[in-house]
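If you want the building blocks of each chain, they are given just below.
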Amino acid sequence: MKKYLFRIVLIAAFLGLAGYLLWPTYMDSVHQGKLESLSDADSTKYFDENEESIRNSRESRLKLGLDLQGGMYVTMEVDIVELLAKLAKNEDDNLRAILDEARTDAATSDETVLDIIGRKFDEKGMRLSRYYGDIRNSNSEVMTYLNDESEKAVERALEIIRNRIDQYGVSEVTITRSGSRRIILELPGVSDEREVRQLIQETAQLEFKLFAEENSMLKAFSNIDKALLGKPVEDEADTSAIAGDTTATTDGSIAAADSAANTADSVAQASMTDEQKFDEWKKKNPFMALFTATEYGLYATPEQRERINNILDRSDVRNAIPDDVSFAWSAKPTFTNEGQDFYEFYILKRKPELTGEVVTGARAQTDQAGFGGAVVSMQMDAEGAREWARVTGANVNKRIAIVLDNAVFSAPNVKQKIIGGNSQIEGMENMDEARLLEIVLKAGALPAPVEIIEERTVGPSLGEDSIRKGLNSFLIGFGIVIFFMVLYYQYGGVPADIALLFNVGFILAILAGFHGTLTLPGIAGILLTVGMAVDANVLINERIREEYGAGKTMRAAIDAGYSRAFPAIIDSNLTTLLTTIILYQFGSGPIQGFALTLMIGILCSLFTAIVMTRVIFEITLDKAPSIVKFG
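The shown structure was predicted, so the numbers you read here are calculated from the model rather than taken from an experiment.

Draft legend 1. Inspection of the overall build of the chain at higher detail. Regarding its fold elements, the chain presents 22 helices and 18 strands. Counting the 631 residues in the chain, one finds 42% classified as buried. In the chain, the proportion of contacts linking residues at least 24 apart, taken out of those at least 6 apart, comes to 69%. Entry remark: accessible area of the chain is about 33,700 Å², with carbon and sulfur atoms responsible for 54%.

Draft legend 2. Spatial organisation of a nonpolar patch on the surface. A contiguous nonpolar patch, built from Phe566, Ile570, Leu574, Leu578 and Ile581 and spanning about 430 Å² of accessible area, is present on the exposed surface. In this structure, Leu574 sits in helix α21 (residues 554-586). Of the residues examined, Leu574 reaches a relative accessible area of 47% and is grouped as partly exposed.

Draft legend 3. Fine view of the sheet that holds strand β2 (residues 71-78). What the 4 strands build is an open sheet, ordered β3-β4-β2-β17; its pairing is antiparallel. Each edge of the open sheet is held by one strand with a lone partner, namely β3 (174-178) and β17 (450-458). Ignoring which end each strand starts from, the neighbouring axes of this sheet average 15 degrees apart. Note: β3 against strand β4 (residues 182-188), 5 bridges, orientation antiparallel. The partner of Thr174 across the bridge, within β4, is Glu186.

Draft legend 4. Region of the structure containing the sheet that holds strand β13 (residues 374-380). Pairing in this open sheet of 3 strands is antiparallel, and the strands run β12-β13-β16 from one edge to the other. Pairing within the sheet leaves two strands with one partner each, and these edge strands are β12 (359-366) and β16 (422-425). Taken pair by pair, the neighbouring strands of this sheet meet at an average axis angle of 25 degrees, ignoring direction. Its contacts with the sheet put helix α16 (residues 382-394) on β13 and β16, and the angle it makes with β13 is roughly 115 degrees.

Draft legend 5. Local environment of the pairing of strand β8 (residues 325-330). Burial runs high along β8: 6 of the 6 residues are buried. Bridge count between β8 and strand β15 (residues 407-410): 2 bridges; the pairing is parallel. Across the sheet, Ser330 pairs through a bridge with Val408, a residue of β15.

Draft legend 6. Here's a closer look at the nonpolar core. If you look at the biggest cluster of nonpolar residues, it comprises 47 residues, and the most contacted ones within it are Ile544, Ile558 and Val628. Looking at this core, the elements that each hand over two or more residues are α1 (5-37), α18 (460-489), α19 (494-513), α20 (520-549), α21 and α22 (590-623). The leading source of residues in this core is α22, at 11 residues. Filtering out sequence-adjacent residues up to four positions away, Ile544 remains in contact with Met554, Ala557, Ile558, Gly561, Tyr562 and Phe630. Ranked by size, the runner-up nonpolar core spans 43 residues in total, among them Leu87, Leu99, Ile117 and Met143.

Draft legend 7. Region of interest: the confidence of the model for the chain. Counting all residues, the mean pLDDT for the chain is 81, and 86% of those residues have values of 70 or more. Below pLDDT 50 for its whole length, residues 237-264 participates in 17 contacts with residues either more than four positions away or in separate chains.

Draft legend 8. View of the pattern of salt bridges. Across all of its chains, the model carries 31 salt bridges by this definition. For Arg119, the salt bridge goes to Glu111, with nearest N and O atoms at 3.0 Å. With a relative accessible area of 30%, Arg119 lands in the partly exposed category. In this structure, the salt-bridge partner of Asp316 is Arg314, at a minimum N-O distance of 2.8 Å. The partly exposed category is assigned to Asp316, whose relative accessible area is 32%. Exposure remark for Arg314: the relative accessible area of 36% places this residue in the partly exposed category. A network of salt bridges, in which partner residues are shared, links Arg555, Asp559, Arg614, Glu618 and Asp622.

Draft legend 9. Broad picture of the pairing of strand β5 (residues 206-210). Along β5, 5 of the 5 residues are buried, which leaves the element largely enclosed by surrounding structure. Burial along β5 is two-sided: the face carrying Leu206, Phe208 and Leu210 and the face carrying Glu207 and Lys209 are both buried. Pairing geometry for β5 and strand β14 (residues 400-404), over 5 bridges, is antiparallel. If you follow Phe208 over to β14, its bridge partner there is Ile402.

Draft legend 10. Up close: the packing of helix α5 (residues 80-87) against helix α6 (residues 93-106). Where α5 meets α6, the closest approach of the two axes is 10 Å, and the angle between their N-to-C directions is 165 degrees. On the basis of the axis angle, α5 is roughly antiparallel to α6. Two packed elements cross with a definite hand, and for α5 against α6 that hand is right-handed. From α5, Val81, Glu82, Leu84 and Ala85 reach across to α6, where they touch Arg96, Leu99 and Arg103. Partitioning the contact of α5 with α6 into residue classes produces 4 nonpolar, no polar and 3 charged.

Draft legend 11. How the structure looks around the environment of Phe342. Tracing the chain through its elements places Phe342 in strand β10 (residues 340-349). A C-alpha to C-alpha distance of 9.4 Å links Phe342 and Ser330, two positions 12 residues apart in sequence. Contacts of Phe342, omitting those with residues within four sequence positions, involve Thr292, Tyr299, Ala300, Thr301, Pro333, Thr334, Phe335 and Asn337.

Draft legend 12. Spatial organisation of the packing of aromatic side chains. Under the definition given, this model contains 21 aromatic pairs. The interplanar angle of 65 degrees and the centroid separation of 5.5 Å between the aromatic rings of Phe208 and Trp388 together place this pair among those described as edge-to-face. Taken together, the residues span a long stretch of sequence, with Phe208 in strand β5 and Trp388 in helix α16 at a distance of 180 residues. Every member of this aromatic cluster is reached through a ring pair, and the members are Phe221, Phe287, Phe291, Phe327, Trp329 and Phe345. Of note, Arg305 hangs over the ring of Tyr343, and the distance from its end group to the ring centre comes to 4.0 Å. The lysine or arginine in question, Arg456, covers the ring of Tyr73, its NZ or CZ lying 4.3 Å from the ring centre.

The rules behind each value
Residues numbered from 1 in each chain as written. Predicted model: local features only at pLDDT ≥ 70, side-chain atom pairs only at ≥ 80, totals over all residues. Heavy atoms only, no water. Helix = DSSP H or I, 4+ residues; strand = E, 2+ residues; numbered from the N terminus. Buried < 20%, exposed > 50% of the residue type's maximum accessible area, 1.4 Å probe, protein only. Contact = heavy atoms within 4.5 Å. Areas by Shrake-Rupley, 256 points an atom, 1.4 Å probe, with all protein chains shown as cover. Patch = residues over 30% accessible without salt bridge, like charges linked within 9 Å, V, L, I, M, F, W, Y side chains within 5 Å. Salt bridge = Lys/Arg side-chain N within 4 Å of Asp/Glu carboxyl O. Pairing = 2+ DSSP bridges. Axes fitted to C-alpha atoms, helices over the stretch in contact; angles between N-to-C directions. Core = buried A, V, L, I, M, F, W, Y, C linked by side-chain atoms within 4.5 Å. pLDDT = per-residue confidence, 0-100. Parallel < 35°, antiparallel > 145°, perpendicular 65-115°, else oblique. Left-handed = near helix turned anticlockwise from the far one by under 90°. Nonpolar A, V, L, I, M, F, W, Y, C, P; charged D, E, K, R; others polar. Phe/Tyr/Trp six-rings, centres within 6.5 Å; stacked < 30°, edge-to-face > 60°. Lys NZ or Arg CZ within 6 Å of the ring centre and 35° of its normal.

Written out as structure tokens, the structure reads:
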């Protein structure tokens, strides 16, 4: 027992880890089955009671690809030719002809649009600096500049699309870049092509908004609380409940009834504990109670944010919000406390002071005049510069929110009146954040057109059919392998069959642990892994047969079988592993899904075939040696 105790502990550790990683997937299936079986009212109650568990299991479960659960697959392409046309200092017939030729050639060539344009300029003996950059720049310097601008254009498009999809509310979205100018978008569970097209191709809206006045903020919260409590919304806000104070009369005279009521309230409040007072406050201010308030502002976790957004989407609440007030969330978490992200809630004026149309450029750089931190310099056109000077001059020591698609990316404090249209945004943690803000700002000023060149929709019924057929093919292949091993090797095939079962479990657990996605090609990879895992056990069993036939004892034959089969097993699996790595590196889509599951399967099969089956044989030889036979 002692000689294989370490292996038993190792196997138990792997089994425990696999169970832990697959538990959210199991719980998600339990929750989904429960929700589908209940009525609408009961399912809502069940969701409210188990909201945290449902969300956690959904986030950590093994995810299914579009081919298994249905949805949309969209391939988009950034129009680099149109971008170059907008970047040109002066667009004439010669430049337009070259750009049109480059567009035509790029459709049937492996060359990039920029490479084609650079070649055509060289062939015609023309200087790129005539249209781009500085007149003193060489063609290579201009090409470097254009490559950088096209790279940023694709990044801006990627950032805008990701921001819009996040607000669209689709979970488990995959957004990846393919090649130099293409973006691939996978939207599980979405089938409305018209809505997705509008969502992706709509122009990004960049706005500069002032914070709402204090009385407007209080009025907005008071009206929302009243709407939630079913009380009539008044023109003037009742801010006493929010502020937590009592309101005195102007002349000091209080009616007898009011005096008695206030006295009763005072006595009741005096007898309350702090917790009871807080509960009472929450009943009177249900909307405000959803936030985490600090001296710096209002914040909410992702779960709280979703609940707040649902409230703000209600028609009665929308009607209660003052016309001059709008709300927005920070684009990313403002801070993290005890592992929980918190987003800031902004109360802004509805009308923007400026829009992104006035921004002509932005650049992330290091602050040379300050402490060397990351900043973003921003430039505006003449009209924008005049308006920016007016806005900043009238709002010194106040904050202005930079909003893209209703998400606040920055809210800097105005230090002084800014003239000339050049300003600097501070407060970035690092250059990565500054570059992100540069991308956001320039997205409003110079959006590169994005065209949908391919879209596929997989219906839910087709996804279910794929799951059923994939599962059936796996079970049939798995059953045939198990039957053959037991039939041909008798008990010698039993450890191999047990190892196969755990092998599949380990593959799914690792996929879930690394937030991977199981696709139909992935199922094919798992099925191939089953055959390869059996191949290793066939090598071992045949070696054991030879050694046992040569006159060795069963234990000696098993020891020799494993040691002599080991080099061949490693050799065959290592070469296959190298092949799958190449497939994963240079393939895309279904090829990558197949290669990923096959890679994981090879590593798992080595563990199960060499370690797990050996332990089963050792235990059987100790407990019941007479049943160990190899046909």
